[in-house]
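An overview of the molecular structure
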Amino acid sequence: MTRLDALEAQSIFIFREAFAQLRKIAMLWSLGKDSNVMIHLARKAFFGKLPFPVMHVDTGRKFPEMYAFRDHYAKAWDLDLIIEDCPPLESTDPTLPPAARSAARKTEGLRMALAKHGFDGVIAGIRRDEEPTRAKERFFSPRGTDGAWNVREQPPEFWDQYNTALTPGAHVRIHPILHWTEMDIWAYTQREQIPVIPLYFSKDGKRYRSLGDKDITNPVESNASTLDEILAELAVTKTSERSGRAMDHESEDAFERLRTAGYL
(Lines give C-alpha, C1' and ligand atoms only; values in the text may rest on other atoms or scores of the structure.)
Protein backbone atom coordinates (compact mmCIF):
# COMPACT_ATOMS: atom_id res chain seq x y z
CA MET A 1 0.00 0.00 0.00
CA THR A 2 1.39 3.39 -1.01
CA ARG A 3 1.11 6.53 1.10
CA LEU A 4 -1.76 7.77 -1.08
CA ASP A 5 -3.54 4.41 -0.73
CA ALA A 6 -3.25 4.63 3.07
CA LEU A 7 -4.49 8.22 3.17
CA GLU A 8 -7.41 7.34 0.91
CA ALA A 9 -8.38 4.32 3.01
CA GLN A 10 -8.44 6.28 6.28
CA SER A 11 -10.44 9.12 4.74
CA ILE A 12 -13.00 6.70 3.32
CA PHE A 13 -13.30 5.07 6.76
CA ILE A 14 -13.96 8.50 8.32
CA PHE A 15 -16.65 9.29 5.75
CA ARG A 16 -18.43 6.01 6.44
CA GLU A 17 -18.17 6.45 10.22
CA ALA A 18 -19.70 9.91 10.00
CA PHE A 19 -22.58 8.67 7.86
CA ALA A 20 -23.20 5.70 10.17
CA GLN A 21 -22.97 7.56 13.49
CA LEU A 22 -24.67 10.91 12.85
CA ARG A 23 -28.30 11.62 12.15
CA LYS A 24 -28.08 14.27 9.41
CA ILE A 25 -24.87 15.39 7.75
CA ALA A 26 -23.73 17.59 4.89
CA MET A 27 -20.39 18.22 3.24
CA LEU A 28 -19.09 21.74 2.76
CA TRP A 29 -17.83 22.57 -0.72
CA SER A 30 -15.48 25.54 -0.90
CA LEU A 31 -14.80 24.74 -4.59
CA GLY A 32 -11.03 24.53 -4.01
CA LYS A 33 -8.55 21.68 -4.45
CA ASP A 34 -9.12 20.19 -0.97
CA SER A 35 -12.90 20.01 -1.12
CA ASN A 36 -12.75 18.62 -4.67
CA VAL A 37 -10.52 15.81 -3.39
CA MET A 38 -13.06 15.27 -0.60
CA ILE A 39 -15.90 14.90 -3.09
CA HIS A 40 -13.85 12.38 -5.04
CA LEU A 41 -13.14 10.40 -1.83
CA ALA A 42 -16.78 10.52 -0.79
CA ARG A 43 -17.90 9.24 -4.18
CA LYS A 44 -15.49 6.34 -3.74
CA ALA A 45 -16.73 5.72 -0.20
CA PHE A 46 -20.35 5.49 -1.32
CA PHE A 47 -19.90 3.83 -4.70
CA GLY A 48 -20.35 6.87 -6.91
CA LYS A 49 -23.30 8.66 -5.28
CA LEU A 50 -23.12 10.85 -2.18
CA PRO A 51 -25.88 9.93 0.33
CA PHE A 52 -25.86 13.45 1.79
CA PRO A 53 -26.03 16.98 0.37
CA VAL A 54 -23.07 19.18 -0.53
CA MET A 55 -23.35 22.75 0.75
CA HIS A 56 -21.66 25.88 -0.56
CA VAL A 57 -21.82 28.72 1.96
CA ASP A 58 -21.48 31.51 -0.57
CA THR A 59 -20.03 34.93 0.20
CA GLY A 60 -20.88 36.11 -3.31
CA ARG A 61 -17.23 37.12 -3.77
CA LYS A 62 -15.65 34.05 -5.32
CA PHE A 63 -13.77 34.16 -8.61
CA PRO A 64 -15.91 33.65 -11.76
CA GLU A 65 -13.88 30.51 -12.52
CA MET A 66 -14.96 29.04 -9.18
CA TYR A 67 -18.66 29.60 -9.83
CA ALA A 68 -18.33 28.12 -13.33
CA PHE A 69 -16.59 25.07 -11.83
CA ARG A 70 -19.33 24.67 -9.20
CA ASP A 71 -22.19 24.88 -11.66
CA HIS A 72 -20.59 22.43 -14.10
CA TYR A 73 -19.41 19.76 -11.66
CA ALA A 74 -22.47 19.85 -9.43
CA LYS A 75 -24.27 18.40 -12.43
CA ALA A 76 -21.42 16.21 -13.70
CA TRP A 77 -20.96 14.60 -10.26
CA ASP A 78 -24.73 14.38 -9.61
CA LEU A 79 -24.49 16.33 -6.35
CA ASP A 80 -27.40 17.36 -4.16
CA LEU A 81 -26.15 20.96 -3.96
CA ILE A 82 -27.35 23.43 -1.34
CA ILE A 83 -26.30 27.07 -1.77
CA GLU A 84 -26.64 29.32 1.26
CA ASP A 85 -25.77 33.01 1.20
CA CYS A 86 -23.70 34.75 3.86
CA PRO A 87 -24.97 37.77 5.80
CA PRO A 88 -23.59 41.28 5.12
CA LEU A 89 -20.31 42.53 6.54
CA GLU A 90 -22.18 44.67 9.08
CA SER A 91 -23.30 41.52 10.92
CA THR A 92 -19.71 40.54 11.80
CA ASP A 93 -17.44 41.58 14.68
CA PRO A 94 -16.28 45.17 13.97
CA THR A 95 -13.15 44.68 16.11
CA LEU A 96 -11.69 42.18 13.62
CA PRO A 97 -9.15 43.38 11.03
CA PRO A 98 -10.68 44.05 7.56
CA ALA A 99 -9.82 40.77 5.80
CA ALA A 100 -10.66 38.65 8.86
CA ARG A 101 -13.94 40.48 9.23
CA SER A 102 -14.77 39.74 5.60
CA ALA A 103 -13.94 36.07 6.17
CA ALA A 104 -16.14 36.04 9.28
CA ARG A 105 -19.18 36.35 7.03
CA LYS A 106 -18.67 32.68 6.21
CA THR A 107 -18.83 31.75 9.90
CA GLU A 108 -22.15 33.53 10.28
CA GLY A 109 -23.43 32.03 7.04
CA LEU A 110 -22.55 28.52 8.20
CA ARG A 111 -24.20 29.08 11.58
CA MET A 112 -27.40 30.21 9.86
CA ALA A 113 -27.31 27.26 7.44
CA LEU A 114 -26.89 24.75 10.28
CA ALA A 115 -29.87 26.23 12.11
CA LYS A 116 -31.95 26.23 8.93
CA HIS A 117 -31.28 22.62 7.92
CA GLY A 118 -30.71 21.00 11.32
CA PHE A 119 -27.45 19.24 10.44
CA ASP A 120 -25.72 17.56 13.38
CA GLY A 121 -22.59 16.81 11.34
CA VAL A 122 -20.67 18.94 8.84
CA ILE A 123 -17.81 17.53 6.76
CA ALA A 124 -15.07 20.07 6.08
CA GLY A 125 -11.82 19.95 4.12
CA ILE A 126 -9.26 21.41 6.49
CA ARG A 127 -5.73 20.02 6.91
CA ARG A 128 -3.35 20.20 9.87
CA ASP A 129 -0.42 21.44 7.77
CA GLU A 130 -2.28 24.52 6.52
CA GLU A 131 -2.15 26.64 9.66
CA PRO A 132 -1.01 26.20 13.31
CA THR A 133 -4.50 26.53 14.81
CA ARG A 134 -5.84 23.81 12.51
CA ALA A 135 -3.04 21.52 13.67
CA LYS A 136 -4.88 21.26 17.02
CA GLU A 137 -8.02 19.79 15.42
CA ARG A 138 -9.45 16.28 15.69
CA PHE A 139 -11.01 14.18 12.92
CA PHE A 140 -14.35 14.49 14.74
CA SER A 141 -14.47 17.91 16.38
CA PRO A 142 -17.45 18.75 18.64
CA ARG A 143 -18.80 22.30 18.51
CA GLY A 144 -20.97 24.14 21.01
CA THR A 145 -24.58 25.10 20.41
CA ASP A 146 -23.30 28.47 19.11
CA GLY A 147 -20.83 26.76 16.76
CA ALA A 148 -17.85 27.77 18.90
CA TRP A 149 -14.73 25.59 19.13
CA ASN A 150 -13.11 24.93 22.51
CA VAL A 151 -9.60 23.69 21.74
CA ARG A 152 -9.09 22.61 25.38
CA GLU A 153 -12.03 20.21 25.26
CA GLN A 154 -11.16 18.16 22.19
CA PRO A 155 -11.80 14.43 22.74
CA PRO A 156 -8.94 11.93 22.46
CA GLU A 157 -8.99 9.77 19.33
CA PHE A 158 -7.25 6.45 19.90
CA TRP A 159 -7.36 3.41 17.59
CA ASP A 160 -9.75 5.11 15.15
CA GLN A 161 -12.45 5.48 17.82
CA TYR A 162 -14.36 8.73 17.31
CA ASN A 163 -16.68 10.49 19.73
CA THR A 164 -19.98 11.58 18.18
CA ALA A 165 -21.90 12.21 21.43
CA LEU A 166 -23.58 15.59 21.17
CA THR A 167 -25.15 18.20 23.40
CA PRO A 168 -28.67 18.93 22.07
CA GLY A 169 -28.42 21.68 19.47
CA ALA A 170 -24.69 21.19 18.93
CA HIS A 171 -22.91 19.61 15.96
CA VAL A 172 -19.72 17.81 14.98
CA ARG A 173 -17.22 18.95 12.35
CA ILE A 174 -15.75 15.98 10.49
CA HIS A 175 -12.34 16.40 8.84
CA PRO A 176 -11.58 13.45 6.52
CA ILE A 177 -8.38 14.94 5.05
CA LEU A 178 -6.98 16.40 8.26
CA HIS A 179 -3.91 14.14 8.01
CA TRP A 180 -3.12 15.03 4.38
CA THR A 181 -0.56 17.60 3.22
CA GLU A 182 -0.69 20.05 0.33
CA MET A 183 1.71 17.77 -1.55
CA ASP A 184 -0.59 14.79 -0.90
CA ILE A 185 -3.58 16.69 -2.28
CA TRP A 186 -1.82 17.47 -5.54
CA ALA A 187 -0.27 14.00 -5.90
CA TYR A 188 -3.70 12.42 -5.37
CA THR A 189 -5.33 14.91 -7.75
CA GLN A 190 -2.82 13.88 -10.38
CA ARG A 191 -3.19 10.14 -9.75
CA GLU A 192 -6.99 10.21 -9.73
CA GLN A 193 -7.29 12.80 -12.52
CA ILE A 194 -9.54 15.07 -10.45
CA PRO A 195 -10.60 18.26 -12.27
CA VAL A 196 -8.71 21.41 -11.28
CA ILE A 197 -9.76 25.06 -11.39
CA PRO A 198 -7.43 26.87 -13.86
CA LEU A 199 -6.54 29.51 -11.24
CA TYR A 200 -4.17 27.01 -9.62
CA PHE A 201 -1.95 27.04 -12.71
CA SER A 202 0.53 29.78 -13.54
CA LYS A 203 -0.51 32.69 -15.74
CA ASP A 204 1.91 35.55 -16.39
CA GLY A 205 4.23 34.23 -13.69
CA LYS A 206 1.62 33.97 -10.93
CA ARG A 207 -0.83 31.36 -9.63
CA TYR A 208 -3.09 30.75 -6.66
CA ARG A 209 -2.09 28.15 -4.08
CA SER A 210 -5.17 28.73 -1.91
CA LEU A 211 -8.52 30.03 -3.18
CA GLY A 212 -10.89 32.21 -1.18
CA ASP A 213 -12.80 35.41 -1.86
CA LYS A 214 -11.32 37.38 -4.72
CA ASP A 215 -11.02 40.59 -2.70
CA ILE A 216 -8.91 38.99 0.07
CA THR A 217 -6.95 36.38 -1.91
CA ASN A 218 -3.82 37.07 -3.95
CA PRO A 219 -1.70 34.94 -6.30
CA VAL A 220 1.89 33.99 -5.55
CA GLU A 221 4.84 34.14 -7.91
CA SER A 222 5.10 30.82 -9.75
CA ASN A 223 5.77 29.36 -13.17
CA ALA A 224 4.07 26.04 -12.38
CA SER A 225 1.52 25.46 -15.15
CA THR A 226 1.09 21.66 -14.86
CA LEU A 227 0.52 19.23 -11.99
CA ASP A 228 4.06 17.90 -12.39
CA GLU A 229 5.41 21.44 -12.09
CA ILE A 230 3.26 22.18 -9.03
CA LEU A 231 4.58 19.07 -7.29
CA ALA A 232 8.17 19.97 -8.20
CA GLU A 233 7.66 23.50 -6.89
CA LEU A 234 6.17 22.29 -3.59
CA ALA A 235 9.12 19.95 -3.05
CA VAL A 236 11.46 22.95 -2.66
CA THR A 237 9.31 25.93 -1.66
CA LYS A 238 9.49 27.43 1.82
CA THR A 239 6.58 29.81 1.26
CA SER A 240 3.37 29.21 3.22
CA GLU A 241 0.41 27.80 1.31
CA ARG A 242 -1.75 30.61 2.70
CA SER A 243 0.71 33.38 1.89
CA GLY A 244 -1.81 34.78 -0.58
CA ARG A 245 -4.58 35.05 2.04
CA ALA A 246 -4.83 38.63 3.28
CA MET A 247 -6.15 37.73 6.73
CA ASP A 248 -3.08 35.61 7.45
CA HIS A 249 -1.01 38.80 7.36
CA GLU A 250 -3.20 40.75 9.79
CA SER A 251 -2.97 40.76 13.60
CA GLU A 252 -1.49 37.61 15.11
CA ASP A 253 -4.65 36.47 16.86
CA ALA A 254 -7.16 37.26 14.09
CA PHE A 255 -7.26 33.73 12.63
CA GLU A 256 -7.41 32.14 16.09
CA ARG A 257 -10.34 34.39 17.02
CA LEU A 258 -12.14 33.34 13.84
CA ARG A 259 -11.50 29.65 14.49
CA THR A 260 -12.70 29.85 18.09
CA ALA A 261 -15.91 31.49 16.90
CA GLY A 262 -16.55 28.72 14.39
CA TYR A 263 -14.57 29.58 11.25
CA LEU A 264 -13.30 26.62 9.26
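Structure: see above.
Below, the structure is looked at part by part. Because the structure is a prediction, the values reported are computed rather than measured.

Section: the overall build of the chain
- The helix and strand inventory of the chain stands at seven helices and eight strands.
- Relative to its full complement of 264 residues, the chain shows a buried share of 54%.
- Contacts spanning at least 24 positions in sequence make up 73% of the contacts within the chain whose residues lie at least 6 apart.

Regarding the nonpolar core
- Ranked by size, the top nonpolar core spans 52 residues in total, and within it Phe15, Met27, Trp29 and Phe52 carry the most contacts.
- Beyond its immediate chain neighbours, meaning those up to four positions away, Phe52 contacts Phe15, Phe19, Ile25, Met27, Ala42, Phe46 and Ile123.
- The next biggest cluster of nonpolar side chains, apart from the first, holds 12 residues, and it includes Met55, Ile82, Ala113 and Leu114.

Here's the deal with the pairing of strand 1 (residues 25-28)
- Both faces of strand 1 are covered, namely the face carrying Ile25 and Met27 and the face carrying Ala26 and Leu28.
- Sheet topology places strand 1 next to strand 4 (residues 121-123); three bridges connect them, and they run parallel. Its bridge partner being in strand 4, Ile25 is matched across the sheet by Gly121.
- As a crossover connection, the stretch from strand 1 through helix 2 (residues 33-45) into strand 2 (residues 54-58) is right-handed.

The rules behind these values
- Residues numbered from 1 in each chain as written.
- Predicted model: local features only at pLDDT ≥ 70, side-chain atom pairs only at ≥ 80, totals over all residues.
- Heavy atoms only, no water.
- Helix = DSSP H or I, 4+ residues; strand = E, 2+ residues; numbered from the N terminus.
- Buried < 20%, exposed > 50% of the residue type's maximum accessible area, 1.4 Å probe, protein only.
- Contact = heavy atoms within 4.5 Å.
- Core = buried A, V, L, I, M, F, W, Y, C linked by side-chain atoms within 4.5 Å.
- Pairing = 2+ DSSP bridges.
- Right-handed = clockwise from strand over helix to strand, strands pointing away.

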